[in-house]
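Chain by chain, the residues run as shown.
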Amino acid sequence: MCQAHGTDCIYLQLGDSFQRRSIASPRKLAARPRQAPRTAGPPRGNKFSTASSLPSQQALFRPVNVASTSTAHDSHVVSRPTASLEMSYPSNHENYTREETLSNLVGIVTEPGDDSSHIVSPAVAEDNDVLESYLSTVPDARRRRIIRTNPSSSRPVRPVLFNTVPRRPLGVSANQSLPATKCEFIEKYLEPVVSDVVDLFFRHANICFPIFDEMSFRNIYYTHKENISPALLCNLYANALIYWENSPILRSDRFPDIRFIWNQANEALHSELFLSPGISTVMAIILNVCGRPSTSIFGNGGMVGTAVALSNALGLNRDPSNWNIRPVEKKFRVRIWWLVAIHDRWCSLAYGTPLQIHGAQCDVPFPTMDDLCSPSASYSQLAAASIFISLTTLTEVLGRYLEHVYKVSKSTFCPPETSAVDLERLLTDWEESLSDDSRRVILRGTHLSSPGAANFRLAYLAVKLLLRRIQLDLNAGITQVGDVTTSPFYTQAQRAAEEIVHLVEELDESHLRGFWIPVHAFSLTSATTFLLRSGLRRNSSSNAPLKLAKDMISMLRSHNDKFGWDLADNCLASCSDLVEKLGSAEVEGESLMSSLSDFQEHLDIYNPSLLDELLIGFPRPTDTIEL
């Protein structure tokens, strides 16, 4: 077995348990062919050097837990062999900065062993003060350390405590390296353009959805690549392939089998999730769920739930502002938490399932420009960062609306009832808080050329449509009016759906090949089904809502045929047949209502239940889902 796994055959004696850390890991052996030489420069076109600033992605590498890496010396105790951190460097002064940086990098990416860190319940965190005095006198005792917060804080803050726990299930060895094998498959498949695929990811995806600090990632990618989580790399490669046609270099090559790549990435992610989950797993899930084309609703929903659970276990839901850890790590934790929160809220809207992150259970501040951009950031990077910050605050508004939508219990612990005016004020106050550039994007639909701007505007219109649906439902419950079309909120909801159609019509190739959150596909479906609903209740000769629905289907089909825009797939599959049938019935002079009989169960537009009324058009569990 040792020969098969490429490891030394060592019999451990009693008391030698810590020697396991010196055994060669098959992860390193398997990854050796894809390790860049330490003295080699970056690939063509790369402008980053290894003497850049200290990376802020401490947790994306094999020590897959922020708490078990750079915070170990400040906030808690984690046993780690010190010999692995020692390196020999030239003594000349001119190389000092570069070598000092590399030394710090090695300390970050070194294997942490079999233990990781897990947050301890706040209810028992105070016990640490008593236990610590005892544990400090017991040799080799497993210790816990509390993260002290600023005592001058104006609000009561629960203490944060981490404990060391086994990283792997009992009986599972670190010698299992399926993720590394999958990563090699993908890299061999993509050779010799792997570095170009990485460039694609940072140019089109990471700039809008900042998982990594680009300079820090590139430094470690080109110098200590063997220590990066292979599952994370697999999902990074797969995530970038949707932008293949954006590269003049890549578009002349054969287009890779994107489904094959995604299958390899999924297997690598699930293997790491079982073997050694940590922050690198959370980041890989973010890349996976945000990957396109998206075909698995149940898979994505489950992955988001896993990411939320891991984030809570790793303490990412807590505000690190006053923790005694380095500023770069604070920025990293804030950014990763909000990426998870964005996925949680938007998947909740798209999939019709309750959100899993609630405001009372987290206190992480919104990211700032300083958290996302370096002082030397370009204009496009600053613009993209501003849009991302606005997206996070919009996501918080969406979360408030979703709490109302999914409230089914009459318990007093649920949020109190909110009026239509109060809900309107939430969105209005958010609009007033935006910068001038962001207001132009969402209110006027201009400046869509900035990275992520078109995605941001669609997100705003989707929230606006949801607000109108909620207000329409609240108004119907108060007035008890049989015909909801007479409500002013019905007209406003129709206008919001109409704005989504106009946005789709105005998109050009640069927008369509840019960044999109894949669950926005369901927002297109929601807008179209609402327009169909409005059109079916009109008896006049000029049926504007039905015409808009036809325009939506026609434009989505055009975008899909010309540019392969995958966000059109869901709406085309759900609504195109219905639109064609209604169009034929209108031409033949039939009643639109009578032509609906075959599709009534599909749309279920007469079901008065709250979720069907608010989230109409989203697939139900009985619908066929392409996997």
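On a predicted model such as this, the values are computed, not experimentally measured, just so you know.

**Student:** Where do I start with the overall build of the protein in this structure?
**Tutor:** Helix and strand counts for the protein stand at 26 helices and three strands. The buried share of the protein, taken over its 627 residues, is 52%. Across the protein, the fraction of contacts at a sequence separation of at least 24, relative to all contacts at a separation of at least 6, is 74%. For the protein, the accessible surface area stands at approximately 27900 Å², while carbon and sulfur atoms represent 54% of it.

**Student:** I would appreciate a short explanation of the packing of aromatic side chains in the present structure.
**Tutor:** A ring pair, where both rings are aromatic, is described by two values, the distance of the centres and the angle of the planes. Counted according to the given criterion, the structure contains 17 aromatic pairs. Pairing Phe212 with Phe217 gives two aromatic rings, centres 4.8 Å apart and planes at 45 degrees, and the pair type is tilted. Accessibility classification places Phe212 together with Phe217 in one group, the buried group. Seen in terms of ring centroids, Trp338 and Phe366 are 4.8 Å apart; in terms of plane orientation they differ by 25 degrees. Their pairing is stacked. Of this pair, Trp338 sits in helix α14 (residues 327–351) while Phe366 is found in the loop between α14 and α15 (369–372), placing the two residues 28 residues apart along the sequence.

**Student:** I would appreciate a short explanation of the pattern of salt bridges in the present structure.
**Tutor:** Opposite charge on two side chains allows them to pair when their charged atoms are near. The final tally for this structure, using the stated rule, is 20 salt bridges. The salt bridge involving Arg439 is made with Glu432; its shortest N-O contact spans 3.8 Å. For Arg439, a relative accessible area of 26% puts it in the partly exposed group. Notably, a salt bridge pairs Lys547 with Asp551, separated by 3.2 Å at the nearest N-O pair. On the criterion of helical spacing, the pair formed by Lys547 and Asp551 is a turn pair, its members being four residues apart in helix α23 (residues 544–563). Salt bridges here are not isolated pairs; linked through shared partners, they connect Asp199, Glu214 and Arg218.

**Student:** Explanation requested: the nonpolar core in the structure shown.
**Tutor:** A general tendency of soluble globular proteins is for nonpolar side chains to be buried together. Phe212, Tyr237, Trp346 and Leu524 are the most contacted members of the largest nonpolar core, which totals 150 residues. Broken down by element, this core gets its largest block of residues, 15 residues, from helix α19 (residues 453–479).

**Student:** Help me understand the confidence of the model for the protein in this model?
**Tutor:** Should the pLDDT be low somewhere, the predicted coordinates at that spot are not to be read in detail. In the predicted model, the protein carries a mean pLDDT of 74, and 62% of its residues have values of at least 70. Here residues 13–112 is a poorly scored stretch, pLDDT under 50, and it has 216 contacts once near neighbours within four places are set aside; other chains count. Taken together, the stretch residues 148–153 has pLDDT below 50 and engages in eight contacts with residues farther than four places along the chain or on a different chain.

**Student:** I'm lost on the environment of Asn570 in this one. Help?
**Tutor:** Within the secondary structure, Asn570 is located in helix α24 (residues 569–587). Note: C-alpha distance between Asn570 and Thr525 (45 residues apart in sequence) is 6.8 Å.

**Student:** Just to check I follow, could you spell out helix α11 (residues 258–275) for this structure?
**Tutor:** With 18 residues, α11 extends 26 Å between its outermost C-alpha atoms, agreeing within 8% with the 26 Å of an ideal straight helix rising 1.5 Å per residue. Every buried residue of α11 is listed here: Ile258, Ile261, Trp262, Gln264, Ala265, Ala268, Leu269, Ser271, Glu272 and Leu275. If you follow the buried residues of α11, they end up packed against α7 (178–190), α10 (230–240), α12 (279–289) and α13 (297–313). Its side-chain oxygen at 3.3 Å from the backbone nitrogen of Arg259, Asp257 defines the N-terminal cap of α11.

**Student:** What should I look at first to understand the environment of Tyr460 in this one?
**Tutor:** Note that Tyr460 resides in helix α19. By relative accessible area, Tyr460 is classed as buried at 2%. Taking the C-alpha atoms as reference points, Tyr460 and Ala496, 36 residues apart in sequence, are found 9.9 Å from one another. Not counting residues up to four positions away in its chain, the partners in contact with Tyr460 are Leu394, Leu427, Trp430, Glu431, Ile442 and Leu443.

**Student:** Please clarify how the side chain of Lys330 should be interpreted in this entry.
**Tutor:** The residue Lys330 is located in helix α14 in this model. In this structure, Lys330 is buried with no salt-bridge partner, the nearest side chain bearing the opposite charge being Asp319 at 8.2 Å. Contact partners of Lys330, with chain neighbours within four places excluded, come to Pro320, Ser321, Trp323 and Ile325.

**Student:** I would appreciate a short explanation of unusual backbone geometry in the present structure.
**Tutor:** Most peptide bonds take the trans configuration, and most residues that are not glycine carry a negative phi. A cis amide bond, omega 10 degrees, links Glu191 with the succeeding residue Pro192. Within the secondary structure layout, Pro192 lies in the loop between α7 and α8 (194–206). Note the cis peptide between Arg292 and Pro293, where omega equals -5 degrees. The residue Pro293 is located in the loop between α12 and α13 in this model.

**Student:** Explanation requested: helix α22 (residues 521–536) in the structure shown.
**Tutor:** An α-helix turns once per 3.6 residues; consequently, residues spaced three or four apart project the same way. For α22, spanning 16 residues, the distance from its first C-alpha to its last is 23 Å, which sits close to the expected 22 Å at 1.5 Å a residue. The element α22 is extensively covered by neighbouring structure, given that 16 of its 16 residues are classed as buried.

**Student:** Before we go on, may I ask you to explain the packing of α13 against α14 in this structure?
**Tutor:** For any two helices packed against each other, one specifies the inter-axial angle together with the distance between the axes. Between α13 and α14, the least distance of the axes is 10 Å, while the angle of their chain directions is 145 degrees. Along this stretch, α13 crosses α14, giving a crossing that reads as left-handed. Taken together, the residues of α14 that come into contact with α13 (itself represented by Ile297, Asn300, Gly301, Val304, Ala307, Val308, Ser311 and Asn312) are Trp337, Val340, His343, Asp344, Cys347 and Tyr351. Considered class by class, the residues forming the contact of α13 with α14 number eight nonpolar, five polar and one charged.

**Student:** Even after reading the chapter, I still don't get the packing of α10 against α12, so can you show me in this structure?
**Tutor:** The N-to-C vectors of α10 and α12 enclose an angle of 15 degrees; their axes lie 9 Å apart at closest approach. Our classification of the angle between α10 and α12 gives roughly parallel. Where α10 crosses over α12, the two elements pack in a sense that is left-handed. Residues Ala231, Leu232, Asn235, Leu236 and Asn239 of α10 form the contact with α12, whose participating residues are Ser280, Met283, Ala284, Leu287 and Asn288. Partitioned by chemical class, the residues of the contact of α10 with α12 number six nonpolar, four polar and no charged.

About the cut-offs
- Residues numbered from 1 in each chain as written.
- Predicted model: local features only at pLDDT ≥ 70, side-chain atom pairs only at ≥ 80, totals over all residues.
- Heavy atoms only, no water.
- Helix = DSSP H or I, 4+ residues; strand = E, 2+ residues; numbered from the N terminus.
- Buried < 20%, exposed > 50% of the residue type's maximum accessible area, 1.4 Å probe, protein only.
- Contact = heavy atoms within 4.5 Å.
- Areas by Shrake-Rupley, 256 points an atom, 1.4 Å probe, with all protein chains shown as cover.
- Phe/Tyr/Trp six-rings, centres within 6.5 Å; stacked < 30°, edge-to-face > 60°.
- Salt bridge = Lys/Arg side-chain N within 4 Å of Asp/Glu carboxyl O.
- Core = buried A, V, L, I, M, F, W, Y, C linked by side-chain atoms within 4.5 Å.
- pLDDT = per-residue confidence, 0-100.
- Expected span 1.5 Å × (residues − 1).
- Polar contact = N/O pair within 3.5 Å; in protein donor to acceptor, adjacent residues only side chain to side chain.
- Lys, Arg positive; Asp, Glu negative; His and termini not counted.
- Axes fitted to C-alpha atoms, helices over the stretch in contact; angles between N-to-C directions.
- Left-handed = near helix turned anticlockwise from the far one by under 90°.
- Nonpolar A, V, L, I, M, F, W, Y, C, P; charged D, E, K, R; others polar.
- Parallel < 35°, antiparallel > 145°, perpendicular 65-115°, else oblique.

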